[in-house]
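# A closer look at the structure
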Amino acid sequence: MSGSKEEDDPRINGIKTKIRVVPDFPKKGIMFQDITTVLLDPKAFKDTIDIFVERYRDKNISVVAGIEARGFLFGPPIALAIGAKFVPLRKPKKLPGETIFEEYELEYGNDRLEMHVGAVEAGDRALVVDDLIATGGTLCAAINLLERVGAEVVECACVIELPELQGRQRLKGKPLCMLVEYR
């Protein structure tokens, strides 16, 4: 399923009520969706992980790629539960050793994601995890990076989607599973 699961799962409302909205952070006009308050509630955090695990348990995912930094909070427990390896996709110069990278555009400039060479292999079935999809630039960079080494990106998973920013349209046709929409 791609799209909101609110109508399908009663746990979603409990998760949604734990997401704090912080006005004017990190700059004026932004309504920041803060998932750290989900982490403070063991039931909401467990429900979030459980919903994703239930979805991906039988999809033969071999790698969960988490996007820095909040993808690191949700990705590892999902990977452990489904028997997949976890691969961190990091900002520049954070990983020791040899890396490959994918550059992407931000509203004001460029950034890039890096991954260890050899962490993902041709034929791996990948799930990309982050806390939120806004414009889709970071997820698109993650997809490009994984596909460049021969992985099949099965789906992207985010706790929150901001649909008005149309990030889903940038995902090269890859399915997106999200739990909560904020309009």
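See the structure printed just above.
Now for a description of the structure that goes with this document.

Each value, and the rule that gives it
Residues numbered from 1 in each chain as written. Predicted model: local features only at pLDDT ≥ 70, side-chain atom pairs only at ≥ 80, totals over all residues. Heavy atoms only, no water. Helix = DSSP H or I, 4+ residues; strand = E, 2+ residues; numbered from the N terminus. Buried < 20%, exposed > 50% of the residue type's maximum accessible area, 1.4 Å probe, protein only. Polar contact = N/O pair within 3.5 Å; in protein donor to acceptor, adjacent residues only side chain to side chain. Expected span 1.5 Å × (residues − 1). Arc of directions from axis to C-beta. Contact = heavy atoms within 4.5 Å. Phe/Tyr/Trp six-rings, centres within 6.5 Å; stacked < 30°, edge-to-face > 60°. Lys NZ or Arg CZ within 6 Å of the ring centre and 35° of its normal. Salt bridge = Lys/Arg side-chain N within 4 Å of Asp/Glu carboxyl O. Pairing = 2+ DSSP bridges. Axes fitted to C-alpha atoms, helices over the stretch in contact; angles between N-to-C directions.

## Some thoughts on the side chain of Asp9
Tracing the backbone shows Asp9 in the segment before α1 (11–18). With relative accessibility at 12%, the residue Asp9 sits in the buried group. Polar contacts involving the side chain of Asp9 include one to the side chain of Arg11, which spans 2.5 Å.

## Digging into helix α4 (residues 71–82)
Residues lying three or four places apart along an α-helix face the same way, a consequence of the helix completing one turn every 3.6 residues. The end-to-end C-alpha distance of α4, which contains 12 residues, comes to 16 Å, matching closely the 16 Å that a straight helix rising 1.5 Å per residue would cover. Every buried residue belonging to α4 is among Gly71, Phe74, Gly75, Ile78, Ala79 and Ile82, and all of these are buried. The buried side chains of α4 occupy one side of the element, clustering within an arc of 125 degrees when seen end-on. The secondary structure elements touched by the buried residues of α4 are α2 (36–39), α3 (42–56), β3 (63–67), β4 (85–89), β7 (125–133) and β8 (152–161). After α4 finishes, the residue Gly83 shows a positive phi value of roughly 75 degrees.

## A look at the packing of aromatic side chains
This structure, assessed with the given rule, holds four aromatic pairs. Note on Phe45 and Phe74: the rings are 5.9 Å apart at their centroids and 80 degrees apart in plane angle, and the pair reads as edge-to-face. With a gap of 29 residues between them, Phe45 in helix α3 and Phe74 in helix α4 connect regions that are remote in the sequence. The exposure class of Phe45 is partly exposed, given its relative accessible area of 24%. Given a relative accessible area of 1%, Phe74 falls into the buried group. Over the ring of Tyr182 we find Lys16, and its NZ or CZ is 5.7 Å from the ring centre.

## What about the pattern of salt bridges?
What the rule picks out here adds up to 17 salt bridges. For Lys85, the salt bridge goes to Asp124, with nearest N and O atoms at 3.3 Å. Of the two residues, Lys85 sits in strand β4 while Asp124 sits in the loop between β6 (109–116) and β7, which places them 39 residues apart along the sequence. Note on Asp124: relative accessible area 11%, which makes it buried. Connected through shared salt-bridge partners, Asp9, Arg11 and Glu54 make up one network.

## Here's the deal with the sheet that holds β3
Pairing is parallel in the open sheet, where five strands are placed in the order β4-β3-β7-β8-β9. Single-partner strands in this sheet number two, and they are β4 and β9 (176–181). Strand-to-strand twist across the sheet, computed as the mean angle between neighbouring axes with direction ignored, equals 20 degrees. In the sheet, β3 pairs with β4 via five bridges, with the strands oriented parallel. Looking across to β4, one finds that Val64 is bridged to Phe86.

## Here we look at unusual backbone geometry
Following Phe25, the chain continues into Pro26 via a peptide bond in cis, with omega recorded as 0 degrees. Considering the arrangement of structural elements, one finds Pro26 in the loop between β1 (20–23) and β2 (31–34). The omega torsion of the bond from Glu68 to Ala69 falls at 0 degrees, within 30 degrees of zero and hence cis. Note that Ala69 resides in the loop between β3 and α4. Phi at Asn60 is positive, roughly 55 degrees, even though this residue is not glycine. One can find Asn60 in the loop between α3 and β3. Even without being glycine, Gln166 reaches a positive phi, approximately 60 degrees.

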